[in-house]
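# A look at the structure
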Amino acid sequence: MASLLQLFSLFLPCLLICSASSNQTPKHYVVYMGSSSEENSEAAESDHLQLLSTVIPREDSERISLVNHYNHGFRGFSAMLTENEASELSKRDGIVSVFPDTILQLHTTRSWDFLEGKSKAKLRRGSYLHHKSSYDVIIGMVDGGIWPESPSFIDEGMAEIPTRWKGVCMEGPDFKKSNCNRKLIGARYYNVPHTSNENKTTQMRLEKSPRDTVGHGTHTASIAAGALVANVSYNGLAQGTARGGSPFARISIYKACSEDGCPASTTLKAIDDAIKDGVDIISISIGMSSLFQYDFLKDPIAIGAFHAEQMGVMVVCSGGNEGPDPFTIINAAPWIFTVAASNIDRDFQSVVLLGNGRTFQGSAINFSNLTRSETHPLAYGKDIAAKFSPISEAWNCYPGSLDPEKVKEKVIVCVDTFPIVSRKIKKLVAEDAQAKGLILINENEKGVPFDSGTFPFTEVGSTTGNKILKYINSNKNPTATILPTADIPRHRPAPVVAYFSSRGPSVLTENILKPDLMAPGVAILAAVIPKVEEGSALIGKKPLQYAINSGTSMACPHVTGASAFIKSVHPKWTSSMIRSALMTTATVYDNMGKPLTNSSGSFAIPHEIGAGEISPLKALNPGLVFETTTEDYLRFLCYNGSPEKTIRSMSKTNFKCPRKSSDNLISSINYPSISISRLDKIRGFRTIKRSVTNVGLPNVTYTATVHAPLGLKVKVLPKKITFVENVRRVPFKVSFDGREASTGYNFGSLTWSAGPYSVRMVFAVNVE
C-alpha cells in the first residue's frame, strides 16, 4: 500500500504539470457575440483584435489574429486561444459563448416520382417539377463542394441571375469562374487550422477550391435542385430521369467540409456568407454527434440558423444517422427544419441460390459476375476461423479472425453481432481472404442496401439467415452462389423509417417535437463526382456520374427542394409558414394504405417520423399555417434557461423574458406540433395555446377532430374556428387530461378540416 502511495505521489506532480501544460496549448476556438452590428467589417475586425489583445500575453502577440470573422448574419470570430484565455474571454461583456472548434460529420431520380405519386393534390402529374416561377429561389448548400461539370447543373432554359444576388464564384487551381453559370451561381471554399488530438495545430485537407473531392456535396445539391437529366442510372440500376426537387432553383455552394469532416468555425462562416450573399434557403446535411450536444448556444449550426431565420433565410438540416435509439436526433432547435429518413418504393435485391435449389432474396447493390450455372462451397464464419481466433469474432468477419486457406474460393456467411465492424470492413475481410462472396445476416440494416462493387455480396434478415445456416449444418458439402443485383420497382411497403435515422425526443428539449418530418433517404440516385475506385464496378468502363447513397444527408435536400418549390410559388411566405405547410399536409400512410412503419415492422411514432412523410404538392395549398415568429424563438430561449442579457445580444432588441420562465412553457410556442415532456398523472391536466393563419379560401369554417390514445382525454376550444374577410389569424386551446392515460409517451393528432383542407397537427404527451 505504501509503495502505491509513493508511486502516486511521484505521478501526481507530473499529472498536474501535464494538465496545466495542456490547458496552455493554443487551440482553435469560436467566439460568438450575438447579432450583427451596424459597424463596417474593418472596424468590427479591429475591435475583435483589440479584445484578443486583452487576454493573449504580449510575448504571444503573433496569436492576436482572426482565423474567421463573422459580421453579416451575426457577430463574432474564431482564433487560437489557450483554455484559460478562452475562459477569461467568455466572462467579458458582449460575449454570448466561447467554444472549441469541433469537427462536424457529413450525414451520408426515383424519389421525386414517389413523393409526387403519393400526393392526391389535383395538379397535373409532374407539373411541379417542371414549374417555372417569376421568383428565383436561391439555395445555399453548406457541404463538401460541387462537381460543376455534372449534367445536373446545366443552366439550359434558365433566366439571367437575379440582381439581388451578392455572392461570388471563387476560383481555384481546378475551378474557374466559367464553371459557374445561371444554375450554379455561387461557389466559396474555406481553409482553417484545426487542433488534432495531439494538441498540434494542423491544416485539414480542405483543397483551395470549391470542387467536390468526396461526392457528398454534389449528391445533395443535385437532390435539392438538380436539372432534369434523362437516361440516368448507376451502372444499369435505377434507370430513369434524375431531377432535383426544384429543378429551376439556383444553387450556391459553400465548401466547408472535406473527407475529414466539417470544422464548426468553417460551418459558421459558410452560414454567415450565405446570409450575406442573399440565399433564400440553406441546406445542411451535417452535424455533431448526439453524445456531444449540451447547449444550443454552443452549437454552430443552431447559432448560424437562428440568425439566418432572423434575416428571413430558412435552414433545413439532417437529423443524424444514429438511430434507432431514442434521444439521438440532432439539429433540433425550433428554428431549424429537422429531417428524418425513409425508403422509397424501389428495392435492390440480390438472389442467394443454394445447392439444394432454394432461393432467397437478399438486399444489396453488387455487380457480381457469378451465375446460376455454378455454385461454390458455402461456409459459416465459425467453421473457417483462424487458429486461436474467438468464434464470436470469426462469425462476425472480424479482421484477422478468418483463415484465408479455409476461406479461399468459398461463399461465406457472417453475422452482425459486432456493430462496430461495418459492412464495408466485413466485405474487405472476405475479399482479402479471396472468398467468392459474402452473405451477411443482419436484421437491422437489411433495408439499406450496401454497395459492394463487383464483389458478390448480399444481406438477409434473421429468418432467412437461420434457414441458410440450417442448410449448412444439415449438408456435408453445402454450396451457394450470389447473383448480381436487380432493382425491384413498386416495392411495398414504402415509405418505411430508415433503421439509421436518428430518433427523438431531443436531449436538449423534449418540449419541441423532433424530427419535424420524414423524406426519402435510402438508396437515392443522384449526381456524384466521376471517380473509379479499385475493385469497383466501374473498372474498364467510363466513370459514372450518378450513384446511389443513403443517409439523412439525402433526406435533408429532399425537404430543401420541396421548400424551394413552395417558396417559388409563395414568395412572401416565411420559413415557418413553409415548414408548417409541409408538416400539416404530410402523409402518415404507406403505399399499401396502412399506417407508416419502422424498419422493425412496428407502427412508426412521431419521434421517428415527426408529422409524417412530406407530400410537396399538397403543401402548396395547406389552408392554414402555424406562424412561428422570432418572438416565439426568443421566448423559447428564455424558457430554456438563457439569460435575458444573452437573448438581447442575440436579438439586438430590448426583449424582456416573461416573468414565469420554465422549460414546460416551451410547449406553448406557436409550433406546428405539440410536445409535452411531463404531464403529471395525478394532477393530469395541461392546456396548450396555438394560433393558425388562413392562407386558403376566405369565409371558411374549420372543425376540429382529435385522434388520441385510449385514456388520454384531449379537448379543443373552440371546436370550430371561422375566418371571415378581416379575420386572418385565430387562436385556439388544446387541453390534455392524463389521469387515465398510460404512463410514458402518448401520441395522437388534431386535425382542422374544411372543404378541401385537412390541417393535421401531431402531439406527443409524456404521462408520468
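In this report, the structure presented in the accompanying data block is examined. (Residues numbered from 1 in each chain as written. Predicted model: local features only at pLDDT ≥ 70, side-chain atom pairs only at ≥ 80, totals over all residues. Heavy atoms only, no water.)

### Points about the packing of helix 16 (residues 630-639) against helix 17 (residues 644-651)
Working note: a packed helix pair is described by the angle between its axes plus the distance between those axes. Formally: Axes, fitted as lines to C-alpha atoms, cover a helix only where it is in contact. Angles between the N-to-C directions of the axes lie from 0 to 180 degrees. Working definition: helices are DSSP H or I runs of at least four residues, strands are E runs of at least two. Numbering for both runs from the N terminus. Here roughly perpendicular refers to angles of 65 to 115 degrees, roughly parallel to angles under 35, roughly antiparallel to angles over 145, and oblique to all remaining angles. Helix crossings get a hand from a simple test, with the near helix turned counterclockwise from the far one by less than a right angle marking a left-handed crossing and a clockwise turn marking a right-handed one. Should any heavy atoms of two residues lie within 4.5 Å, those residues are considered in contact. Residue polarity is assigned by list, with Asp, Glu, Lys and Arg as charged and Ala, Val, Leu, Ile, Met, Phe, Trp, Tyr, Cys and Pro as nonpolar; anything else, Gly included, falls into the polar class.
The interhelical angle for the contact between helix 16 and helix 17, taken along N-to-C directions, is 155 degrees, at an axis separation of 10 Å. The orientation of helix 16 relative to helix 17 falls into the category roughly antiparallel. Judged by the sense of rotation from one axis to the other, the crossing of helix 16 with helix 17 is right-handed. Judged by residue contacts, Leu634, Leu637 and Cys638 of helix 16 engage Ile647, Met650 and Ser651 from helix 17. Partitioned by chemical class, the residues of the contact of helix 16 with helix 17 number 5 nonpolar, 1 polar and no charged.

### Points about the sheet that holds strand 15 (residues 286-287)
As a reminder, the rule being used: When DSSP locates at least two bridges between a pair of strands, those strands are taken to pair.
The strand order across the open sheet formed by 3 strands is 13-5-15, and the pairing between neighbours is antiparallel. The outermost strands of the open sheet, each flanked by one partner alone, are strand 13 (262-263) and strand 15. Looking at chain direction, strand 5 (residues 103-106) and strand 15 are connected through 2 bridges and run antiparallel. Bridging from a neighbouring strand, Gln105 pairs with Gly287 of strand 15.

### What to know about the nonpolar core
Taken as a class, soluble globular proteins show a tendency for nonpolar side chains to be buried jointly. Convention followed: For our purposes a nonpolar core is just a set of buried Ala, Val, Leu, Ile, Met, Phe, Trp, Tyr and Cys residues, chained together by side-chain atoms within 4.5 Å. A simple rule labels every residue: compare its accessible area, found with a 1.4 Å probe on the protein chains alone, to the largest value its type can have, and call it buried under 20%, exposed over 50%, or partly exposed in between.
Ranked by internal contacts, the top residues of the largest apolar core, which has 118 residues, are Ile282, Ile284, Trp335, Val559, Leu582 and Leu637. Of the residues forming this core, the biggest block, 7 residues, is contributed by helix 12 (residues 552-569). Residues contacting Leu637, with those up to four places away along its chain left out, are Leu297, Phe306, Trp335, Ser642, Ile647 and Met650. In this structure, Val692, Ala741, Trp752 and Val759 belong to the second largest nonpolar core, which totals 29 residues.

### Notes on the side chain of Ser580
Topologically, Ser580 is positioned in helix 13 (residues 575-584). Residue classification places Ser580 among the buried positions, given a relative accessible area of 0%. Among all residues touching Ser580, those that are not within four sequence positions of it are Leu624, Val625, Phe626 and Pro672.

### Overview of unusual backbone geometry
Along the chain, Gly323 connects to Pro324 via a cis peptide bond; the corresponding omega equals 5 degrees. Among the structural elements, Pro324 can be located in the loop between strand 16 (314-318) and strand 17 (337-342). Here the amide bond leading from Arg492 into Pro493 is cis, since omega sits at -5 degrees, within 30 degrees of zero. Looking at the secondary structure, you find Pro493 in the loop between strand 27 (486-489) and strand 28 (517-520). A positive phi is found at Glu409, a non-glycine position, where the angle reads about 70 degrees. With respect to the secondary-structure elements, Glu409 resides in the loop between helix 9 (404-407) and strand 22 (411-415). Even without a glycine there, the phi angle at Asn699 is positive, about 50 degrees. By the secondary structure assignment, Asn699 is in the loop between strand 33 (685-694) and strand 34 (700-707). Taking the relative accessible area as the measure of exposure, Asn699 reaches 57% and is therefore exposed.

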